[in-house]
Amino acid sequence: MLTLTESHVRLGCAADDKADAIRQAGQVLVDGGFVDPPYIDSMMERESIAATYLGNGIAIPHGVPSARGHVRATGIAVVQFPAGVDWGGGERAYVVVGIAATSDEHLQVLANLTGVLGDGEAARRLASTTDRAVIAAALNGGAADSAPVVETAEDGPVLAVSAPAPHGMHARPASALVEVAKRFTSDITVRCGDRTANAKSLMTLLRLGAAGGAPLRITASGADADAALDAIAAAFAAGLDPAVDEAGHDGGAEPAAPSAAVDYDGRVIAGISAAPGIAAGPVWFFQRERLEVTEDAPDAAAERRRLDQALAGAAADLRNLYEEYWKKAGAAKAAIFKAHLDLLDDPDLVTEARSHIDAGRSAGWAWRAVYEDRAGALARMKDPLLAGRAADLRDVGRRVLRLLADTVEQAAALPDQPVIVLAEDLSPSDTAKLDPALVLGLCTAGGGATSHTAIIARSLDIPSVVAAGPALFDLTNGQEGIIDGGAGVLVLGPSDRDRTRAGEMRDRIRVMRDRENHDRYLPAITRDGRRVEVAANISEAAEALRAVEAGGEGVGLMRTEFLFLQRDEPPGEEEQTAAYSQMVQALNGLPIILRTLDIGGDKSVPYLSMPAEENPFLGVRGIRLCFEREDLFRTQLRAMLRASGLGPVRIMYPMIASLDELLRAKAITEEVRQELGVPPVETGIMIEVPSAVMMADRLAREVNFFSIGTNDLTQYVLAMDRLHPVLAPQADGLHPAVLRMIARTCEAAKDAGIWVGACGGIAGDPAGSVLLSGLGVAELSVAIPSVPSVKARLRGISLARAEDVARRALDCAGAAEVRALVHAAFDVSGTGRGGAA
């Protein structure tokens, strides 16, 4: 979500008149790097067309559509006028919100303002406050005017809070509440009006139907009741709603209406735009497998075991899907599958299924009966956002049922040519597994723009239309169609003009991508002649060749964990040697960095017999586990060193927090090397904990390179679990605190004469790749599909300019301000095109 930073708030100002007030707001937008100065004139022009006074002392001046060329980045600025400004018509404005928008990112801020408009006291506080944070919290959806309050009642303490605005207790905030509640043994009840819910049951929370701002009363009974209410109050104060918008930041916006300006000659089936883009090709129906179960079973104990095993298997599958999707699309979008885990762990759901089993039903029949009943109840809810969660529950239900089914009839596969996929609806799991190379677009009869499926489709860059209705069922496989995701329509039997129009739009994007792919083998040399290496992250042997074909200049991070997971015993030396050798040979002389085993208590590896840890991210993981299981460590090192005879292999140790750990890892490696009698290899460490940064000058003397693990470094620097359902979206690697850590690391490496690489989310981020290069990172390791665009982006910039912007970023107040700064200095739209020199 677009965030208002305190640096873009001006308090206690005065204006001669409305024009002066608008110019002051416009100047804050200019100073913030959001717009060019001519945009201020367009704000005045907009005011002459129609007044921008909203009510309750708030005005929102903004430019006319034709002035979007002067907008460098979407942003907002607030100027407070305690004495008020005559806005005409007898109205006075006390808070002026200047808006510059290239997209609809500002709509959430306006939605938050609507809550203030209906609350005169809240509006007066914004007009008179001397604290910028109060205004920032109100416009960012915070609870500045509705903080959690613990009241005392006859039967004990009661926490009084409001459901998250503007979308209420939908899946993500409910999932976040469940996660907090389950940390305590006390029974916790949430009341909304005359309805109650178990705070540990995602289903019952969803069925509350609590709209945004609805008053909630939360009670707890048990030994740790007070601590539970305190923790829940803190969670509400932090904001329970890590929503994601069309760019990946808003999971709860109102569905967009179908476009009224559709100009096609063919048969138009109108739906709702779920993801932009346009594609043409044959349509094809997606079908799921059919799952059959028997109704009765005589052995209840055996059926209970079957259900427990299926639940555990489905949970493991979801955790793996969550991890993989988090790597591909980020924490905010991956939170969809975290919510699915909470649905699976719903105590009421499981209890009811067991009661059916005790009554003589089979585990499969019992489970299907319960989840279908609950999904039907959700689908009948009036709130479309909550009704949309029925598809998620059915997705989770089928995941378990697949493991319980007596008969599984496989669905017809999609053809091996690209098609526009049609479906009654698609589960998030279905959508996440689609191969974008074979899917031109998606069109579903049901669903909505707020569905998790739509969010995933957008993240995969697949043009999508939802809620197209039963007209889809009249179509047959192979019919020619055009899907226009932006307009929200599917066109059947397109005319020549339709095809031409769609082709021109598609070609503009294709030319850009083709140019990037054509140049993918060229080095990333900036306009001022400086080179940045772009390598690939891989997680399995087969990806090494794909990395080369994408233009990768080697592998900057090979996650070796794939060899150790989902098996009953660890891989032996021969198996590992074969896997590493295959990768080295595929790279044909390009370097590969093999990271030693990086597993901790957050991953389920039964044969390691690792005890459960209260906080696995601060426990035995990475190099610490390697020391605990030195037998595994030595076996892996032997395999890596044997493979080094086939090409340039570098060994990297994860989670190094102290010099002693590094020296011990190096000593073991040297012992193994001498046993094998092979030449030395380059060694390096992951810089991912603050202590490694603070000791970087000393650590640099012992290694050949550093690789900054930006994901883990971010969570440790900001003290925010990067997988946390509430905090993860705030764990932005472009936060100035993280950037300062990176700058310090690069300085220490430079002094020691070693190079620095970076992997993780921000290495492939449009703004991140520019900033990291400007801070002194010499190698970026990114996801394979991102390699061509990152190289093209770097070829389009001046590194001297990037260095200047990076220095300024270190002094910003927060990640949002950093992004605004970079967008103002460069064209980092993510297309791979360059920016200002």
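A brief look at the structure comes next. No experiment lies behind these values; they were computed from the predicted model shown. (Residues numbered from 1 in each chain as written. Predicted model: local features only at pLDDT ≥ 70, side-chain atom pairs only at ≥ 80, totals over all residues. Heavy atoms only, no water.)

**With respect to the sheet that holds strand 13 (residues 278-285)**
With mixed pairing, the eight strands of this open sheet are ordered in space as 11-20-19-13-16-17-18-12. Strands with a single pairing partner mark the edges of an open sheet, and in this sheet they are strand 11 (267-270) and strand 12 (272-275). With direction set aside, neighbouring strand axes in the sheet form an average angle of 30°. Where strand 13 lies against strand 19 (residues 480-484), five bridges are found, and the strand directions are antiparallel. By the bridge assignment, isoleucine 278 is partnered in strand 19 with aspartate 484. (Pairing = 2+ DSSP bridges. Helix = DSSP H or I, 4+ residues; strand = E, 2+ residues; numbered from the N terminus. Axes fitted to C-alpha atoms, helices over the stretch in contact; angles between N-to-C directions.)

**Overview of the pairing of strand 10 (residues 215-221)**
In strand 10, alternate side chains face the same way, and those of Leu216, Ile218 and Ala220 are buried while those of Pro215, Arg217, Thr219 and Ser221 on the opposite face are not. In this structure, strand 8 (residues 187-192) lies alongside strand 10, joined through five bridges in antiparallel fashion. When the bridges of strand 10 are listed, valine 190 appears paired with isoleucine 218. (Buried < 20%, exposed > 50% of the residue type's maximum accessible area, 1.4 Å probe, protein only.)

**Points about the side chain of histidine 8**
The residue histidine 8 is located in the segment before strand 1 (9-10) in this model. The contacts of histidine 8, once residues within four sequence positions are left out, are Val28, Gly32, Phe34, Ile76, Ala77, Val78 and Glu817. (Contact = heavy atoms within 4.5 Å.)

**Points about the packing of helix 26 (residues 736-752) against helix 28 (residues 766-775)**
In contact at an axis separation of 9 Å, helix 26 and helix 28 are set at 35° when each is read in the N-to-C sense. Touching Leu739, Ile742, Ala743 and Cys746 of helix 26 are Leu771, Leu772 and Leu775, all from helix 28. Its residues assigned to classes, the contact of helix 26 with helix 28 shows seven nonpolar, no polar and no charged. (Nonpolar A, V, L, I, M, F, W, Y, C, P; charged D, E, K, R; others polar.)

**What about the sheet that holds strand 5 (residues 91-100)?**
With mixed pairing, the five strands of this open sheet are ordered in space as 1-4-5-3-2. Among the strands making up the open sheet, the edge pair consists of strand 1 and strand 2 (53-55). By the bridge criterion, nine bridges tie strand 4 (residues 75-88) to strand 5 in an arrangement that is antiparallel. Among the inter-strand pairings, glycine 88 is bridged to a residue of strand 5, identified as glutamate 91. Along the sheet, helix 1 (residues 18-31) contacts strand 1, strand 4 and strand 5; its crossing angle with strand 4, the most-contacted strand, is approximately 165°.

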